[in-house]
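Chain residues, written in single-letter form:
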Amino acid sequence: METLAGKVFVLVGAASEEGKAVAKAFAKYSAKLSLCDSSKEKEVLDVLVKDCKEIGSNKTEVITIEMAELHGETAMQNALKQTTENYGSLHGLIYLVNQRLDKTFAETSLDDLNQLHVAHVESPLLWVQNSLPHLKASKGSIVLLSSGKPRSAGLESFPFALTKATEEHLVRTMALDLAAYGIRVNALCPSYPVDQTAAAEEERLSIRRSLSEYVAYLSSESATFITGQCINVGQS
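Residues numbered from 1 in each chain as written. Predicted model: local features only at pLDDT ≥ 70, side-chain atom pairs only at ≥ 80, totals over all residues. Heavy atoms only, no water.

Visitor: Outline the sheet that holds strand β6 (residues 184-191), listing residues and values.
Guide: Judged by pairing direction, the sheet is parallel, and its 7 strands sit side by side in the order β3-β2-β1-β4-β5-β6-β7 without closing on themselves. Two strands lie at the open edges of the sheet, namely β3 (62-67) and β7 (230-234), each paired on one side alone. The sheet shows a mean angle of 20° between the axes of neighbouring strands, direction not considered. Here strand β5 (residues 141-145) pairs with β6 via 5 bridges, running parallel. (Pairing = 2+ DSSP bridges. Helix = DSSP H or I, 4+ residues; strand = E, 2+ residues; numbered from the N terminus. Axes fitted to C-alpha atoms, helices over the stretch in contact; angles between N-to-C directions.)

Visitor: Just give me the short version of the packing of aromatic side chains, but keep the residues and values in it.
Guide: Taken as a whole and judged by the stated rule, the model has 2 aromatic pairs. Ring centres of Phe9 and Phe26 lie 5.0 Å apart, and the angle between their planes is 75°; on these two criteria the pair is classed as edge-to-face. One end of the pair, Phe9, is in strand β1 (residues 8-12); the other, Phe26, is in helix α1 (residues 17-28), with 17 residues separating them in the sequence. On the basis of an interplanar angle of 85° and a centroid distance of 5.3 Å, the ring pair of Phe105 and Phe158 is categorised as edge-to-face. Remark: Phe158 occurs in helix α5 (residues 158-178) and Phe105 occurs in the loop between β4 (92-95) and α4 (110-138); sequence separation between them is 53 residues. The class for Phe158 is partly exposed, based on a relative accessible area of 25%. The residue whose ring lies beneath Arg100 is Phe160, and the NZ or CZ to ring-centre distance is 4.3 Å. Directly above the ring of Tyr192 sits Arg208, whose terminal nitrogen or CZ lies 5.3 Å from the centroid. (Phe/Tyr/Trp six-rings, centres within 6.5 Å; stacked < 30°, edge-to-face > 60°. Buried < 20%, exposed > 50% of the residue type's maximum accessible area, 1.4 Å probe, protein only. Lys NZ or Arg CZ within 6 Å of the ring centre and 35° of its normal.)

Visitor: Please give an account of the layout of surface pockets that cites residues and values.
Guide: Of the voids in this model, the second largest pocket is the one considered here, and its volume is about 240 Å³. Taken together, the residues that form the lining of the second largest pocket break down as 2 nonpolar, 9 polar and 4 charged. (1 Å grid on protein atoms, 1.4 Å probe; cavity = no way out; pocket = protein on both sides within 12 Å on 5 of 7 lines; lining within 4 Å. Points joined across faces, edges and corners; volume = space filled by probe spheres on them. Nonpolar A, V, L, I, M, F, W, Y, C, P; charged D, E, K, R; others polar.)

Visitor: Explain the side chain of Arg184 to me, using residue names and the numbers behind them.
Guide: Relative to the helices and strands, Arg184 resides in strand β6. Although buried, Arg184 forms no salt bridge, and the nearest oppositely charged side chain, Glu221, lies 8.0 Å from it. Those residues in contact with Arg184 that sit more than four places away from it in its chain are Gly140, Ser141, Ile142, Leu218, Ser219, Ser220, Ala223, Thr224, Phe225, Ile226 and Thr227. (Lys, Arg positive; Asp, Glu negative; His and termini not counted. Salt bridge = Lys/Arg side-chain N within 4 Å of Asp/Glu carboxyl O. Contact = heavy atoms within 4.5 Å.)

Visitor: Please set out the packing of α1 against helix α6 (residues 198-218) residue by residue, giving values where relevant.
Guide: As a packed pair, α1 and α6 sit with axes 8 Å apart at the nearest point and diverge in direction by 55°. The pairing of α1 with α6 is recorded here as oblique in orientation. Helix-helix and strand crossings are classified by hand; for α1 and α6 the assignment is right-handed. Of α6, the residues touching α1 (which contributes Glu17, Glu18, Ala21, Val22, Ala25, Phe26 and Lys28) are Arg208, Leu211, Ser212, Glu213, Val215 and Ala216. Split into classes, the residues belonging to the contact of α1 with α6 amount to 7 nonpolar, 1 polar and 5 charged. (Parallel < 35°, antiparallel > 145°, perpendicular 65-115°, else oblique. Left-handed = near helix turned anticlockwise from the far one by under 90°.)

Visitor: Explain the packing of helix α3 (residues 73-87) against α4 residue by residue, including any values.
Guide: Where α3 contacts α4, the two axes come as close as 10 Å, and the packing angle between them is 35°. Of the two elements, α3 crosses α4, and the hand of that crossing is right-handed. Touching Glu73, Met76, Gln77, Ala79, Leu80 and Thr84 of α3 are Ser123, Leu126, Trp127, Asn130, Ser131 and His134, all from α4. Each residue belonging to the contact of α3 with α4 can be placed in one class, and the counts come to 5 nonpolar, 6 polar and 1 charged.

Visitor: Residues and numbers for the environment of Gly19, please.
Guide: Residue position: Gly19 is located in helix α1. Along the backbone, Gly19 and Ile94 are 75 residues apart, and their C-alpha atoms lie at a distance of 9.0 Å.

Visitor: Describe in detail the pairing of β3, supporting the description with residues and values.
Guide: With 6 bridges connecting them, strand β2 (residues 32-38) and β3 associate as parallel partners. Following the sheet pairing, Leu33 is matched in β3 by Val62. Regarding the hand of the β-α-β motif, the stretch spanning β2, helix α2 (residues 42-55) and β3 is right-handed. (Right-handed = clockwise from strand over helix to strand, strands pointing away.)

Structure follows, in structure tokens:
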């Protein structure tokens, strides 16, 4: 993915396991990174910066933005301003937030739904809307992290699966709306084994590595004609 070299990407939720995997993959391809996450994740972000610089042989440019409120619009605007003032442009937005809440339909309250709706629908919508002036200028790309959960009914994951299904509809709608500006929008939908065994952990690591390479591909010029897709990664 040579076309990622020198391009600027904002990673929201960079301290998550998926976020760390994606950041390291992009460092390998010499992208310029803005790693955004909660201020509570400062130590994780500091270690990630060191890892990215080592992977990129210190050629990778990385900044971190520690946010008091990951889903607050003012904080988003400040993060995007800091990114573009530092790098001068923006070529891609990668939203890597998966907020789990495992409850059945009967157990789920409106507060539960609202909490996950903010994380999985309202927040990515606002991040994209606030990124649009920069992405229109660069004909950039957007990749969201969804999940394999919306594809199948499950007793213990109703609010998570419901809001992730909504997020996937958001991806397809944004892809249609933004195609006129040359902006591509896609989602990756990982499914992980739930067993707590060494083999299952190795599979989870393999899935994250595959996911990170998919994100890199979808963010590159090699994927110019791919948009509106929600792609499964891992177990079906």
